[in-house]
Amino acid sequence: MKLLYSIVLATILFTQSASAQYCAGTVLKTTASGTFSDGSGASNYGDDSDCSWLIQPAGAGTITLTFVGVFDLELWQCSDKITIYDGNDTLAGVLAVLCGNSNLTPPAPITSTGGVMLVRFTSDESYNNAGWDASYTSTIAPPVYCSGSTTLTTPSGAFSDGSSSSNYGNNANCSWLIEPVNAASITLTFSALDLENGFDFVKVYDNSTFPATLTGSYSGNTVPAAITINSGYMLVEFTSNNTTTAPGWAASYTSTLPPPVYCSGSVNFTAPAGSFDDGSGTDNYGNDADCSWFIQPANAATITLTFSTFNTQGGQDVVEVYNEATSPPSLLGAFSGSAIPSAVTLNGSSMSVHFTSNSTTTDLGWAAAYTSTAVSASGINEHSLNNAVSVYPNPFHNTAVLQFSAPEKEECELTVCDIYGKAVKKMIVPVAATSLTLDASMLPNGMYFYYISKKNTTFHTGKMIVE
């Protein structure tokens, strides 16, 4: 009889062990809804469990996890537990930690903040309970559409209509202004293009001109060849009508930088004020430089040279300043290294600046500006930057107003020059004008000098900043 009881008990235990299936590893769930559990069925879950379910439905906006039926885990020190993470790994925020449950009723549903949830079940080496079953549902994230205007200034990048795996929206009107710093050219490459043909368009402009020049207009579903604009300003515009939409488009861009520009030869300055530098921009200056600048403003009484930056190979690459009125020219100062020199003032009308570098190490270089005072008819020095004209606001964006203290009795000319002395804009000041609106919307941001002259004689100069 005892032998028969032992056989029956062993058979029951073997049958239960054979029917129990325990979870293991990580399971990826990508459907919009589904179910899963600890895997033990009618048996208790196993010891030393460590199982995970990564719930990541395509396009999900949120995920809601619901426990169904009996929920029963070992309560002691929460040694058997379910940890629910608000993301795709255990570094994400924790939404809940569940264990125990003396009344065996399931916990309240738990919802993620995004489209990914990680559920992890762990148990220790002893005491296991009935376990748990769960189901999940998900919501689809609403499509994201482009809007407004975006400015891109990095050397390369990518952008699209914004709809991702959905269709773009009706009545789109979006633009991307691509302006990489110091770019010489920009190349736009489409990786996808599918638009309502003849009604929804992506248009590409060369934005260095005014008005901008249309380079290409694209519709339908043929991906265009790469578009290159030989300037540092590209405008991409996307528009759609109010009817049919399509999957949309995506593009990326790259840019090229101009080769470094180094100073060479000699340059003459005759304006009352101006600025110049070694010519290398953000690059280092070149080896074996030998450049000169002759500053000879008309009727100048004094000239003052001021350095704003200065970095040269110490003791080897030198900026020298001379008084050109003497024979031979007399040295006013020689500068090298990384300290910004003090201003140099010449009581005279002819100054030169000479820059030389050797054939080895180079550096970031230097920049300088000069101002002058003029000799009046009575022989008294008067500063050339008088107050007869004012600019407001200054600094400014796009437009500024030049205000004259008194109406001009003769027609004048306004000339705007960049920091290298190159004229970038000219305007006529009409007779009897008391103000003039200056449109600088097509000028790059930076400092500029302006000159107002009549009958080839400059009577006012000043500086302004476009930002």
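This text gives an overview of the structure that appears in the document. (Residues numbered from 1 in each chain as written. Predicted model: local features only at pLDDT ≥ 70, side-chain atom pairs only at ≥ 80, totals over all residues. Heavy atoms only, no water.)

Focus on the sheet that holds strand 9 (residues 131-140)
Pairing is antiparallel in the open sheet, where four strands are placed in the order 2-9-4-7. Both edges of this open sheet fall to strand 2 (33-37) and strand 7 (110-111), since each of them pairs with a single strand only. Pairing geometry for strand 4 (residues 60-72) and strand 9, over nine bridges, is antiparallel. If you follow leucine 65 over to strand 9, its bridge partner there is tyrosine 136. (Pairing = 2+ DSSP bridges. Helix = DSSP H or I, 4+ residues; strand = E, 2+ residues; numbered from the N terminus.)

Overview of the nonpolar core
In this structure, Phe159, Trp176, Leu188, Phe190, Phe238 and Trp249 are the most contacted members of the largest nonpolar core, which totals 25 residues. Elements that contribute at least two residues to this core include exactly strand 12 (173-178), strand 13 (185-194), strand 14 (201-206), strand 16 (227-229), strand 17 (234-239) and strand 18 (248-256). By residue number, the principal contributor to this core is strand 13, which donates four residues. Those residues in contact with phenylalanine 190 that lie beyond four places of it in its chain are Val202, Tyr218, Val223, Pro224, Ile227, Trp249, Ala250 and Ala251. One finds Cys263, Phe276, Leu305 and Phe335 within the second-largest nonpolar core, a separate group that totals 24 residues. (Core = buried A, V, L, I, M, F, W, Y, C linked by side-chain atoms within 4.5 Å. Buried < 20%, exposed > 50% of the residue type's maximum accessible area, 1.4 Å probe, protein only. Contact = heavy atoms within 4.5 Å.)

Points about the environment of asparagine 167
Inspection of the secondary structure puts asparagine 167 in the loop between strand 11 (157-160) and strand 12. Taking the C-alpha atoms as reference points, asparagine 167 and threonine 244, separated by 77 residues in sequence, lie 9.6 Å from one another. Excluding residues that lie within four positions of it along the chain, asparagine 167 makes contacts with Tyr145, Thr245, Ala246 and Pro247. Polar contacts involving the side chain of asparagine 167 include one to the side chain of threonine 245, which spans 3.3 Å. (Polar contact = N/O pair within 3.5 Å; in protein donor to acceptor, adjacent residues only side chain to side chain.)

Side note on the pairing of strand 26 (residues 351-356)
On any regular strand, side chains alternate: one points to one face of the sheet, the next to the other face. Where strand 21 (residues 290-295) and strand 26 come together, six bridges link them in antiparallel fashion. Bridge pairing links serine 292 to histidine 354 in strand 26. Bridge count for strand 23 (residues 318-323) against strand 26 is six bridges, and the pairing is antiparallel. By the bridge assignment for strand 26, valine 321 is matched with valine 353.

Here's the deal with the environment of serine 405
Relative to the assigned elements, serine 405 resides in the loop between strand 30 (399-404) and strand 31 (412-417). In this structure serine 405 comes out as exposed when scored by relative accessible area, which is 62%. Note: C-alpha distance between serine 405 and serine 390 (15 residues apart in sequence) is 8.1 Å.

Quick notes on the pairing of strand 15 (residues 213-218)
Summarising the sheet, strand 14 and strand 15 pair through five bridges and their orientation is antiparallel. Its bridge partner being in strand 15, aspartate 206 is matched across the sheet by threonine 213. Hairpin connection between strand 14 and strand 15: a loop of six residues separates the two successive antiparallel strands.

Details of the pattern of salt bridges
Counting across every chain of the model gives one salt bridge. The partner of arginine 120 in a salt bridge is aspartate 50, with the nearest N and O atoms 2.9 Å apart. You can see arginine 120 sitting in strand 8 (residues 117-122) and its partner aspartate 50 sitting in strand 3 (residues 50-55), a full 70 residues away along the chain. You can call arginine 120 partly exposed: its relative accessible area is 28%. (Salt bridge = Lys/Arg side-chain N within 4 Å of Asp/Glu carboxyl O.)

Some details on the packing of aromatic side chains
Scanning the entire structure with this criterion turns up 24 aromatic pairs. Look at phenylalanine 67 and tryptophan 132: their rings are 6.0 Å apart centre to centre, the planes differ by 80 degrees, and that puts the pair in the edge-to-face class. Highlighted residues: phenylalanine 67 in strand 4 and tryptophan 132 in strand 9, separated in sequence by 65 residues. Relative accessible area serves as the criterion here: at 3%, phenylalanine 67 is assigned to the buried category. For tryptophan 132, a relative accessible area of 1% puts it in the buried group. Geometrically, the ring pair formed by phenylalanine 190 and tryptophan 249 is edge-to-face, given 6.2 Å between the ring centres and 70 degrees between the ring planes. Taken as a pair, phenylalanine 190 in strand 13 and tryptophan 249 in strand 18 lie far apart in primary sequence, 59 residues in all. Neither residue differs from the other here; phenylalanine 190 and tryptophan 249 are each classed as buried. Cluster of aromatic residues (ring-pair linked, three or more members): Phe269, Phe276, Tyr285, Trp293, Phe307, Phe310, Phe335, Phe355, Trp366 and Tyr370. Above the plane of the ring of phenylalanine 201 lies lysine 203, whose end atom (NZ or CZ) is 5.6 Å from the centre. (Phe/Tyr/Trp six-rings, centres within 6.5 Å; stacked < 30°, edge-to-face > 60°. Lys NZ or Arg CZ within 6 Å of the ring centre and 35° of its normal.)

So, the sheet that holds strand 23
Within a sheet, each strand pairs with its neighbour through backbone hydrogen bonds, oriented either parallel or antiparallel. Here we have five strands laid out as an open sheet, ordered 19-21-26-23-24, and mixed in their pairing. Of all the strands in the sheet, the pair left with one neighbour each is strand 19 (265-269) and strand 24 (330-335). Across the sheet, the mean angle from the axis of one strand to that of its neighbour is 15 degrees, orientation sign disregarded. Bridge analysis of strand 23 against strand 24 gives five bridges, and the strand direction is antiparallel. In the strand pairing of strand 24, valine 319 is matched with phenylalanine 335. (Axes fitted to C-alpha atoms, helices over the stretch in contact; angles between N-to-C directions.)

A look at the side chain of serine 357
Relative to the assigned elements, serine 357 resides in the loop between strand 26 and strand 27 (365-375). A polar atom in the side chain of serine 357 sits 2.9 Å from the backbone oxygen of glycine 286. At 3.2 Å, the side chain of serine 357 forms a polar contact with the backbone nitrogen of aspartate 288. Discounting residues that sit within four places of it in the chain, serine 357 has contacts with Tyr285, Gly286, Asn287, Asp288, Ala289 and Asp317.

Focus: the state of the cysteines
Here is the idea: a disulfide is a covalent bond, and it sits between the sulfur atoms of two cysteines. Counted by the stated rule, this structure contains four disulfides. Two residues share a disulfide in this structure: cysteine 23 and cysteine 51, whose sulfurs sit 1.9 Å from each other. Residues cysteine 23 and cysteine 51 share a disulfide whose torsion about the S-S bond is about 75 degrees; that sign makes it right-handed. One end of the pair, cysteine 23, is in the loop between helix 1 (2-19) and strand 1 (25-29); the other, cysteine 51, is in strand 3, with 28 residues separating them in the sequence. The class of cysteine 51 is buried, set by a relative accessible area of 1%. Each bonded cysteine of the chain gets a number by its place in the sequence, and the pairs then read 1-2, 3-4, 5-6, 7-8. The structure places no disulfide on cysteine 412, whose sulfur is separated from the nearest cysteine sulfur, that of cysteine 417, by 16 Å. According to the relative accessible area criterion, cysteine 417 is buried, its value standing at 8%. (Disulfide = S-S within 2.5 Å.)

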